[in-house]
Amino acid sequence: MANTELIAALRDADAVQFGEFELSHGGTSDYYVDKYLFETDPRCLKLIAEAFAELVEDDEKLAGVALGAVPLVAATAVETEKPYVIARKKAKEYGTAKRIEGALEEGEEVVVLEDIATTGQSAVDAVEALRDAGAVVDRVIVVVDRQEGADELLAEHDIELQSLLTAEDLLADAGR
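Because the structure is predicted, anything quoted here is derived from the model rather than measured. By convention here, each chain's residues receive numbers from 1 onward along its written sequence. Note on the predicted model: pLDDT of at least 70 is required for a residue's local features to be given, and 80 or more for side-chain atom pairs to be given and counted; whole-chain, interface and lining totals, by contrast, use all residues. Side-chain numbers come from the whole structure's heavy atoms, not from hydrogens or water.

**Structural notes on helix H4 (residues 70–80)**
So, step 1. Those residues of H4 lying buried are Leu 72, Val 73, Ala 75, Thr 76 and Ala 77.
So, step 2. Where H4 is buried, its residues contact helix H2 (35–39), helix H3 (42–55), strand S3 (61–65), strand S4 (84–87), strand S6 (109–117) and strand S7 (136–145). Only protein chains enter the area calculation, which uses a 1.4 Å probe; residues under 20% of their type maximum are buried, those over 50% are exposed, and those in between are partly exposed. Numbering goes from the N terminus for both helices and strands, where a helix is a DSSP run of H or I of at least four residues and a strand is a run of E of at least two. Contact definition: two residues touch when any of their heavy atoms are within 4.5 Å.

**Focus: the pattern of salt bridges**
Pairs can form between side chains of opposite charge once their charged atoms are near each other.
So, step 1. Basic side-chain nitrogens of Lys or Arg form a salt bridge, by our definition, when they fall within 4 Å of a carboxyl oxygen of Asp or Glu. Inspection of the entire model under this criterion finds seven salt bridges.
So, step 2. Residues Arg 88 and Glu 101 are paired through a salt bridge, measuring 3.0 Å at the closest nitrogen-oxygen approach. Linking Arg 88 in the loop between S4 and strand S5 (100–101) with Glu 101 in strand S5, this pair joins segments that are 13 residues apart in sequence.

**Considering the environment of His 157**
So, step 1. Along the polypeptide, His 157 turns up in the loop between helix H6 (150–156) and strand S8 (160–166).
So, step 2. Judged by relative accessible area, which is 26%, His 157 ranks as partly exposed.
So, step 3. Along the primary structure His 157 and Val 124 are separated by 33 residues, whereas in three dimensions their C-alpha atoms are 7.4 Å apart.
So, step 4. Excluding residues that lie within four positions of it along the chain, His 157 makes contacts with Val 124, Glu 128 and Arg 131.
So, step 5. As used in this structure description, the phrase polar contact means that two N or O atoms lie within 3.5 Å; if the pair is within protein, one of them must be able to donate a hydrogen and the other to accept it, and residues adjacent in sequence are counted only when both atoms belong to side chains. In this structure the side chain of His 157 is engaged in a polar contact, spanning 3.4 Å, whose partner is the side chain of Glu 128.

**As for the packing of H3 against H4**
So, step 1. Only the stretch in contact is used when fitting a helix axis, every axis being a line fitted to C-alpha atoms; angles between N-to-C directions are given from 0 to 180 degrees. Running from N to C, H3 and H4 point in directions that differ by 65°, and their axes come no closer than 8 Å. For the crossing formed where H3 meets H4, the hand is right-handed. On the side of H3, the interface is formed by Leu 45, Ile 48, Ala 49, Glu 50, Phe 52 and Ala 53, while H4 contributes Pro 71, Leu 72, Ala 75, Thr 76, Glu 79 and Thr 80.
So, step 2. Under the scheme applied, nonpolar residues are Ala, Val, Leu, Ile, Met, Phe, Trp, Tyr, Cys and Pro; charged residues are Asp, Glu, Lys and Arg; polar residues are all the others, including Gly. Tallied by class, the residues present in the contact of H3 with H4 amount to eight nonpolar, two polar and two charged. By the definition used in this description, the sense in which the near helix is turned from the far one sets the handedness, with an anticlockwise turn below a right angle giving left-handed and a clockwise turn giving right-handed.

Encoded structure:
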């Protein structure tokens, strides 16, 4: 059952837009989910953190993919009182030059929180970086699965994809 309150909140924040949009992987779409509109809206952020918290296991540390998922993982950390780490797309070129920011112990179980999954490549990249750093990661939870192949790609890397909403949920009865 779709989270109707979250769907309404995303729509109220104008995070679901219709038109012609280019996506980060180079494809186009007739709808766009603007993560920055829902991640900067307190109501959306609270609902997302609460929903993520219900799915996080007791023994899992949280991880967020920079930059988009950082507000989501931070809000979920407050909701669950769990620490988190941030997975960068690439190691920074100054300071400690880390790809994973925050305290991470070898063998820790980690769940990755992400905003939107389209192809799933950014989630796979984050999981691989965390695994390279010694984490045990087998699950990614996203706010919206656009249902464009992320589930299949993650499965190829032994990663389960869970979503709060799917594109089908979000677009149902959208009045367009």
